[in-house]
Amino acid sequence: MALYEDLKVAVIDMEVERAVELTKKALDEGKKAEDIMNSSLVLAMDIVGEQYDKGEKYVPEMLLSAKAMKAAMEVLHPLLVESGVEMRGKIAIGTVEGDLHDIGQNLVSMMLEGAGFDVINLGAETPADTFVQSVKENKPDIVGMSALLTTTMLHMPEVIDALKQAGLRDQVKVMIGGAPVTQEYADKIGADGYAPDAASAVKLAKSLC
Ligand code: B1M
């Protein structure tokens, strides 16, 4: 289908306006929002993730592709919600308390959305209570935490403890990431997984659901 291919290429090529235009065109032609998402946008972001893994694309380019995908998803989102499309899983994700670095976290969120996850983005400087509240209200499959500072990554175990104290730890998987975070740290604090970048965050989230 040429239109799906064009839309896929627009996202890979970081063409935000063209991605929106082609998404609207596909809807005008009677295509289903779910088909547009699965046959074009998700495939595009899979390719972008692979290109990043191979070192063919860098963070700024991945952000722009993610922006194009997000803009197209904004057109589709109300229709997907309306049609009750089964998402791949739900994740509540935020940057931990005291940390306002949200670029990487937003990139991970967008990539997850592109991969078909229902993403609740709690934003930057998210206190442990907010993570707990979101688990109670939204019942996500996964809680995702990001930290960019060696000082703020210390809030990650606090969130895990708060989930335990609220009796919610068994109901969710916990994944973490961010520049100072490592697999060793994830193991130490009892997280279920660590991902070093957005592409592997998607792979990890798929494996945790
Ligand atoms: Co700040 N900052 N910053 N900063 N900043 C760093 C992180 C720093 C390394 C710079 C340096 O000194 N070389 C340093 C941290 C040192 C440390 O603790 N080890 C630092 C510092 C010290 C600070 C301040 C304290 C500076 C000051 O005020 N004295 C201050 C702290 C404020 C606070 O948070 N309370 C501060 C402020 C800021 C700005 C506001 C100016 C801005 C943030 C803007 C924003 O995010 N809205 C900023 C920026 C931009 C940076 C750098 C330059 C870039 C960070 C970034 O966006 N990277 C950074 C230096 C650097 O990294 N070169 C630096 C791009 C992003 C795509 O990568 O976030 O790593 P990243 O995300 C990756 C992976 O980590 C992973 O996937 C992402 C995509 O591949 N990932 C996950 C991230 N979250 C994940 C979650 C997952 C899985 C994977 O699962 C849930």
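Everything here concerns the structure above.
In this report, the structure presented in the accompanying data block is examined. Given the structure is predicted, the values throughout are model-derived calculations rather than measurements.

1. What about unusual backbone geometry?
Okay, step 1: Look at Met 14: it is not a glycine, yet its phi comes out positive at around 65°.
Okay, step 2: Residue placement: Met 14 occurs in the loop between α1 (2-12) and α2 (16-28).
Okay, step 3: Judged by its relative accessible area of 26%, Met 14 falls in the partly exposed class.

2. Re the environment of Tyr 4
Okay, step 1: Summarising the element assignment, Tyr 4 is placed in helix α1.
Okay, step 2: A relative accessible area of 11% places Tyr 4 in the buried class.
Okay, step 3: The spacing of Tyr 4 and Asn 38 is 34 residues in sequence and 9.8 Å in space, taken between C-alpha atoms.

3. Quick look at the coordination of the cobalt atom of the ligand
Okay, step 1: Counting protein donors to the cobalt atom of the ligand gives just one, His 101 (NE2), placed at 2.1 Å.
Okay, step 2: Examined against the element boundaries, His 101 turns out to sit in the loop between β1 (89-96) and α5 (103-114).

The rules behind each value
- Residues numbered from 1 in each chain as written.
- Predicted model: local features only at pLDDT ≥ 70, side-chain atom pairs only at ≥ 80, totals over all residues.
- Heavy atoms only, no water.
- Helix = DSSP H or I, 4+ residues; strand = E, 2+ residues; numbered from the N terminus.
- Buried < 20%, exposed > 50% of the residue type's maximum accessible area, 1.4 Å probe, protein only.
- Donors = N, O, S within 2.8 Å, 3.2 Å for Na, K, Ca; no water.

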